[in-house]
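If you want the building blocks of each chain, they are given just below.
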Amino acid sequence: MNELKERITHHIEELSKYTATPGYGTTRLSYSQEDLKARNYLKEQMEASGLTVREDGFGNIFGKLEGTVKDTPSILIGSHFDSVPNGGAYDGPAGVVAALEVAQLFHKKQLKPKYPLEVVALVEEEGSRFGGGLMGSRGMTGLLSEEEFKSLTDKDGISTIEAMKKIGLDPSLPKKRDRETIKAFLELHIEQGPILEEKNIPIGVVEAIVGLTQYKVTVEGQAGHAGTTPMDRRADALFAASKIICQLPELAIKEGNGTVLTVGRLNVYPNGANVIPDKVEFTVDIRSGKEEHVQNVISNLKKTLENHNEYGIEITAEQCLYIQPKALDQGVRTLFKEISNELGVPYCSINSGAGHDAMVFSDVTEVGMLFIPSKAGLSHCPEEWSDAGHIAQAVEIFFEAAKKLTEVERDAPSKNKRLNQSV
Ligand code: HGY
Ligand code: MN
Ligand code: MN
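Below or above, wherever it landed, is the structure these notes cover. (Residues numbered from 1 in each chain as written. Chains lettered and ligands numbered in written order. Predicted model: local features only at pLDDT ≥ 70, side-chain atom pairs only at ≥ 80, totals over all residues. Heavy atoms only, no water.)

**Some remarks on the pattern of salt bridges**
The criterion, for reference: We define a salt bridge as a side-chain nitrogen of Lys or Arg found within 4 Å of a carboxyl oxygen belonging to Asp or Glu. Only DSSP runs of H or I covering at least 4 residues are called helices, and only runs of E covering at least 2 are called strands; the numbering of each starts at the N terminus. Relative accessibility under 20% of the residue-type maximum defines a buried residue, over 50% an exposed one, and the middle range a partly exposed one, all with a 1.4 Å probe and only protein chains included.
Counting across every chain of the model gives 20 salt bridges. As a salt-bridge pair, aspartate 154 and arginine 129 come within 3.0 Å of each other at their nearest N and O atoms. You can see aspartate 154 sitting in the loop between α5 (146-151) and α6 (160-166) and its partner arginine 129 sitting in the loop between β4 (117-122) and α4 (135-141), a full 25 residues away along the chain. Of the charged contacts in the structure, one is a salt bridge between lysine 175 and glutamate 146, with a shortest N-O distance of 2.9 Å. Pair noted here: lysine 175 is in the loop between α6 and β5 (182-190) and glutamate 146 is in helix α5, with a separation of 29 residues, a long-range link. A relative accessible area of 9% places lysine 175 in the buried class.

Next up, the structure:
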């Protein structure tokens, strides 16, 4: 276990170096120079574990250990490796690193799976550069069309295709992946909340993931001189947007049932201290465990926007992402619980308030997800931290699950088997 913990710590430390904001958390936007450095590191590690490495037309990375039976579906294990601005070192990478180490154990023990094992590192889960989010997994499963993908641009107007080519990726490579080629998808993720730490339990078996939607709201008015324009002749986009935004949290509070609403991004144009703003763009992120609550808040959001269509102000709202709540596969959840019991690893059931690639894959294959504790429940910030020992415990569980799901002939799991005996 110690060797495994050390390897995990090394991976996390290496990946955390690839940030555009050193000293201020992890900022690794898709197709950036930081992406490229992390990508090269991940591909090196996959090759070192004997995996055949390829990238798809979105830039998702796959490391494959072929099965003994040709043309059979793979067990995919992985997560994303992009980040939010000034985020943490574990959101995404914890899951990719866990997958790397499962493959390393297969390599070290020279296991021969019947079904292939694939480590996958996904792009643009956060949507920090191109908006929406879950882009790599939605693209793979066909939820995001090729046309939609090509139409996405970042805040500087650079398209996905241009950005990919800039770091040497090939957008003409295959994109949508046939669901018949995937037997299951397993993802480890940090909880990003306080529950596991407060319960002092190292493993959460995820039962369900909240439904979520993201809107981009644009408020347009008229630019003007801050000094010479009388107050009663202004169409001030920022003032109008502010009045809207102040009313939005109440929509979620009134809906209750754990419904949450966040305005996380706001851009003001032309953003001059002595210029009346003529355009404001802001995002609205809405989530709840039940779809009806998300739908109710969406309709109340639209009503709020309509009520603010005052003189000279024009408001539009674009839905960038909509995903229903997802229950994860019962069989895989049971498998995780059985293996945790066999290994003597304490666990509890938990639901996810964060969105994950696992929710996208759950439309096309069996999906299982494990959480590990987040220190002080913090995430999406430089203070984000999780224990490499907990990641190692998750690797142990995934290793046994992967042996079972890929139908490895040799070395069946035994009671209370710990890795240091089996590796
Ligand atoms: O927003 C989320 O829930 C995830 O971090 N992308
Ligand atoms: Mn994440
Ligand atoms: Mn995240």
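**Quick word on the site of ligand 1**
Basically, it comes down to this: We define proximity as follows: a residue is near a molecule or strand when any one of its heavy atoms falls within 4 Å of that partner. Here a polar contact means two N or O atoms within 3.5 Å. Within protein one must be a hydrogen donor candidate and the other an acceptor candidate, and residues neighboring in sequence count only if both atoms are side-chain atoms. Only the protein chains shown count as cover for residues, with accessible areas throughout obtained via the Shrake-Rupley method and a probe of 1.4 Å. When residues are grouped by polarity, Ala, Val, Leu, Ile, Met, Phe, Trp, Tyr, Cys and Pro land in nonpolar, Asp, Glu, Lys and Arg in charged, and all others, Gly among them, in polar.
Lining the immediate surroundings of ligand 1 are Glu125, Glu126, Arg287, Ala354, Gly355 and His380. Between ligand 1 and the protein, one listed contact pairs a nitrogen atom with a side-chain N or O atom of glutamate 125 at 2.9 Å. Arginine 287 is positioned with one of its side-chain polar atoms (N or O) 2.6 Å from an oxygen atom of ligand 1. Protein burial of ligand 1: of its 210 Å² of free accessible surface, 86% is covered by the chains. Of the residues in the shell around ligand 1, the class split is one nonpolar, two polar and three charged.

**Concerning the coordination of the manganese ion (ligand 2)**
Note the following rule: Each metal site lists N, O and S donors within 2.8 Å (3.2 Å for Na, K and Ca). With water left out of the atoms, a site can look as if it is missing ligands.
Taken together, His80 (NE2), Asp91 (OD) and His189 (NE2) make up the protein donors of the manganese ion (ligand 2), found 2.1 to 2.2 Å from the metal. All donors of the manganese ion (ligand 2) come from a single chain, and their spacing in sequence reads H-x10-D-x97-H.

**Examining the coordination of the manganese ion (ligand 3)**
Around the manganese ion (ligand 3), the donor atoms from the protein are Asp91 (OD), Glu126 (OE) and His380 (NE2), and they sit 2.1 Å away. Linear spacing of the donor residues for the manganese ion (ligand 3) on their chain is D-x34-E-x253-H. Using a relative accessible area of 16% as the deciding quantity, one classes glutamate 126 as buried. The exposure class of histidine 380 is partly exposed, given its relative accessible area of 41%.

**What to know about the packing of aromatic side chains**
Note the cut-off: Any two of the Phe, Tyr and Trp rings considered here, Trp counted by its six-membered ring, make a pair once their centres fall within 6.5 Å; the pair's planes then place it as stacked at under 30 degrees, edge-to-face at over 60, or tilted in between.
Taken as a whole, this structure holds five aromatic pairs when the rule is applied. Ring centres 4.2 Å apart and planes at 25 degrees place the aromatic pair phenylalanine 185 and phenylalanine 361 in the stacked group. Taken as a pair, phenylalanine 185 in strand β5 and phenylalanine 361 in helix α11 (residues 357-361) lie far apart in primary sequence, 176 residues in all. Per residue, the accessibility class of phenylalanine 185 equals that of phenylalanine 361, and both read buried. Ring centres of phenylalanine 336 and phenylalanine 398 lie 5.5 Å apart, and the angle between their planes is 25 degrees; this geometry places the pair in the stacked category. Of this pair, phenylalanine 336 sits in helix α10 (residues 330-343) while phenylalanine 398 sits in helix α12 (residues 388-405), and the two are 62 residues apart along the sequence. Residue classification places phenylalanine 336 among the buried residues on the basis of a relative accessible area of 0%. Phenylalanine 398 gets classed as buried once you look at its relative accessible area, which sits at 0%.

Keep in mind these numbers describe shape, not what the thing actually does.
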